[in-house]
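# Examination of the molecular architecture
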Amino acid sequence: MMTPEEQNFMRKIEAEEKIEPKDWMPDTYRKNLIRQISQHAHSEVIGMQPEGNWITRAPSLRRKAVLLSKVQDEAGHGLYLYSSAETLGISRSEMIEQLQTGKAKYSSIFNYPTLTWADVAAIGWLVDGAAIVNQVSLQRTSYGPYSRGMIRICKEESFHQRQGYEAMLALSKGSPEQKAMAQDALNRFYWPSLMMFGPHDSESAHSQKSMEWKIKRETNDDLRQKFVDQTVKQIEVLGLEHPDKNLQWNEARGHYDSSDLNWDEFWSVINGNGHCNRQRIEHHVAAHEEGEWVRDAISAYNEKKRAKKAQ
Ligand code: ACO
């Protein structure tokens, strides 16, 4: 038997009305949203590291300016998302503590190293491309602040994806060495990009409830399929070889069939054993500690302002 509050909540969900911060919501809805939004925020922030690593080595002034602004955008996305999670009653410092102590995850993809400049191009194209497929769907998520954040984030992610693809195109149409570098980046980043969509639906702990509450609007496997389908033509245009040798058009399904992923690798990476997990968190902790004086200064200033107002 649902309480009147629960009934009203479900009515809004079914009518596609957004749930807003002061509305009543089930505790499990709130917790699930905090989990997803905070992990999303952490992904944006940790995601600055693999690319930030190349800002000083970008091959031209133009590429450097574009990369700088892209990395700054990711910081902004993290901030919108932390603010959105804060409306649910968790503080920024609690979320950061959960990240730094390994209680909260961030996207598996950011635990892979960026070995060459082509990896930066591949991240823009494939990683931001996969993120957009997911985030376009999340624009229709049921929680108002998350949904509105996604609309803005998607606009910026589209630019990120385009700049990555354009950089990849320049390499693939360049010298044989540049083309080989592009192919190598594609081979390494293709599979981890598909893992960004999460485990198979049958293994996804949160999907069923998240779909019912319209936190998620499409399942992990459906979004992954969209990405597989859209990427085939893009690889063709680049003139590169598709990394999946089993890829085949399935007329009956109207989709490409593809190889299954290495799920042992996926679980190992999300459980902390990827190439760069330790390094990413150590770097985050160091940057956070170095920034302590800024946070202290802001608090002291706000305190001073409050005291002045109270006089
Ligand atoms: N990397 C790290 N952890 C993952 C990944 C992944 N690629 N996929 C799933 N997981 C984790 C989940 O967070 C969950 O862990 P938890 O219970 O400790 O929180 C567990 O694996 C089980 O997975 P699901 O039940 O399928 O989790 P969920 O329903 O949350 O679906 C998904 C995962 C699709 C990533 C979802 O959380 C989502 O859409 N998040 C928002 C988008 C996002 O975070 N994108 C990150 C990359 S965006 C960028 O480029 C910065």
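Our subject is the structure listed above.
Let us look at the structure shown here. Values in this document were obtained by computation on a predicted structure and should not be read as measured data.

If you tally the helices and strands in the chain, you get 13 helices and two strands. Reported as C-alpha extents along the three principal axes, the dimensions of the chain are approximately 70 × 50 × 35 Å. Going through the 311 residues of the chain one by one, you find that 49% of them count as buried. The contacts of the chain with a sequence gap of at least 6 include a subset with a gap of at least 24, amounting to 76%. Separation of charge centres in the chain, based on 40 positive and 43 negative side chains, amounts to 6 Å.

Right, let's talk about the layout of surface pockets for a bit. Approximately 1000 Å³ is the volume found for the largest pocket. Listing elements by their share of the lining of the largest pocket, those giving two or more residues are α2 (27-46), α4 (61-86), α6 (117-138), α7 (144-172), α10 (220-238) and α11 (263-273). Ranked by the residues each element gives to the lining of the largest pocket, the list is headed by α6, at nine residues. In terms of residue class, the lining of the largest pocket is made up of 17 nonpolar, 14 polar and 13 charged.

Here we take up a negative patch on the surface. A grouping of E289, E290, E292 and D296 is seen on the molecular surface, where their side chains present a negatively charged patch. Only α12 (277-290) and α13 (292-310) provide two or more residues apiece to the negative patch. Looking at E289, the relative accessible area reads 53%, which means it is exposed.

The next point concerns the site of the ligand. In the vicinity of the ligand there are 28 residues, among which Q39, K105, S204, H206 and K216 approach most closely. R35 has a polar side-chain atom sitting 2.9 Å from an oxygen atom of the ligand. Q39 is positioned with one of its side-chain polar atoms (N or O) 2.8 Å from an oxygen atom of the ligand. Coverage of the ligand by the protein amounts to 91% of the 960 Å² it exposes when considered alone. Structurally, the ligand is housed in the largest pocket. Elements with a contribution of two residues or more to the shell around the ligand: α2, α6 and α11.

Phi is positive for E16, close to 65 degrees, though the residue is something other than glycine. Relative to the helices and strands, E16 resides in the loop between α1 (4-14) and α2. Relative accessible area serves as the criterion here: at 43%, E16 is assigned to the partly exposed category. In this model, K214 sits at a positive phi of 60 degrees, which is unusual for a non-glycine residue. By the secondary structure assignment, K214 is in the loop between α9 (207-212) and α10.

A few words now on empty space enclosed by the protein. In this approach, a probe sized like a water molecule rolls over the atoms, and the result shows the empty space that is left. In the structure shown here, the tally under the stated rule is one cavity of 30 Å³ or more. Lining the largest cavity we find I13, E16, E17, K18, R140, T141, S142, K214 and R217. The residue inventory of the lining of the largest cavity, partitioned by class, reads one nonpolar, two polar and six charged.

Here we take up the pattern of salt bridges. Scanning all chains against the criterion turns up 22 salt bridges. A salt bridge links R63 to E166; its shortest N-O distance comes to 2.8 Å. Here R63, found in helix α4, pairs with E166, found in helix α7; they are 103 residues apart in sequence, far enough to count as distant. For R63, a relative accessible area of 16% gives the class buried.

With that out of the way, let us pick up the packing of aromatic side chains. All told, the structure shown has 10 aromatic pairs when counted by the stated rule. Ring geometry for F9 and W24: centres 6.2 Å apart, planes at 80 degrees, overall edge-to-face. Here F9, found in helix α1, pairs with W24, found in the loop between α1 and α2; they are 15 residues apart in sequence, far enough to count as distant. When its relative accessible area of 3% is taken as the criterion, F9 is described as buried. Where F266 meets W267, the ring centres are 4.8 Å apart and the plane angle is 75 degrees; that geometry is what we call edge-to-face. Relative accessible area serves as the criterion here: at 33%, W267 is assigned to the partly exposed category. Each member of the aromatic cluster is reached from another via a ring pair, and the members are F9, W24, Y29 and W213. The ring of W54 has R57 lying over it, and the distance from NZ or CZ to the ring centre is 4.0 Å.

Cut-off values and rules
Residues numbered from 1 in each chain as written. Predicted model: local features only at pLDDT ≥ 70, side-chain atom pairs only at ≥ 80, totals over all residues. Heavy atoms only, no water. Helix = DSSP H or I, 4+ residues; strand = E, 2+ residues; numbered from the N terminus. Buried < 20%, exposed > 50% of the residue type's maximum accessible area, 1.4 Å probe, protein only. Contact = heavy atoms within 4.5 Å. Lys, Arg positive; Asp, Glu negative; His and termini not counted. Charge placed at Lys NZ, Arg CZ, Asp CG, Glu CD. 1 Å grid on protein atoms, 1.4 Å probe; cavity = no way out; pocket = protein on both sides within 12 Å on 5 of 7 lines; lining within 4 Å. Points joined across faces, edges and corners; volume = space filled by probe spheres on them. Nonpolar A, V, L, I, M, F, W, Y, C, P; charged D, E, K, R; others polar. Patch = residues over 30% accessible without salt bridge, like charges linked within 9 Å, V, L, I, M, F, W, Y side chains within 5 Å. Areas by Shrake-Rupley, 256 points an atom, 1.4 Å probe, with all protein chains shown as cover. Salt bridge = Lys/Arg side-chain N within 4 Å of Asp/Glu carboxyl O. Near = heavy atom within 4 Å. Polar contact = N/O pair within 3.5 Å; in protein donor to acceptor, adjacent residues only side chain to side chain. Sits in = over half its atoms within 2 Å of the grid points. Phe/Tyr/Trp six-rings, centres within 6.5 Å; stacked < 30°, edge-to-face > 60°. Lys NZ or Arg CZ within 6 Å of the ring centre and 35° of its normal.

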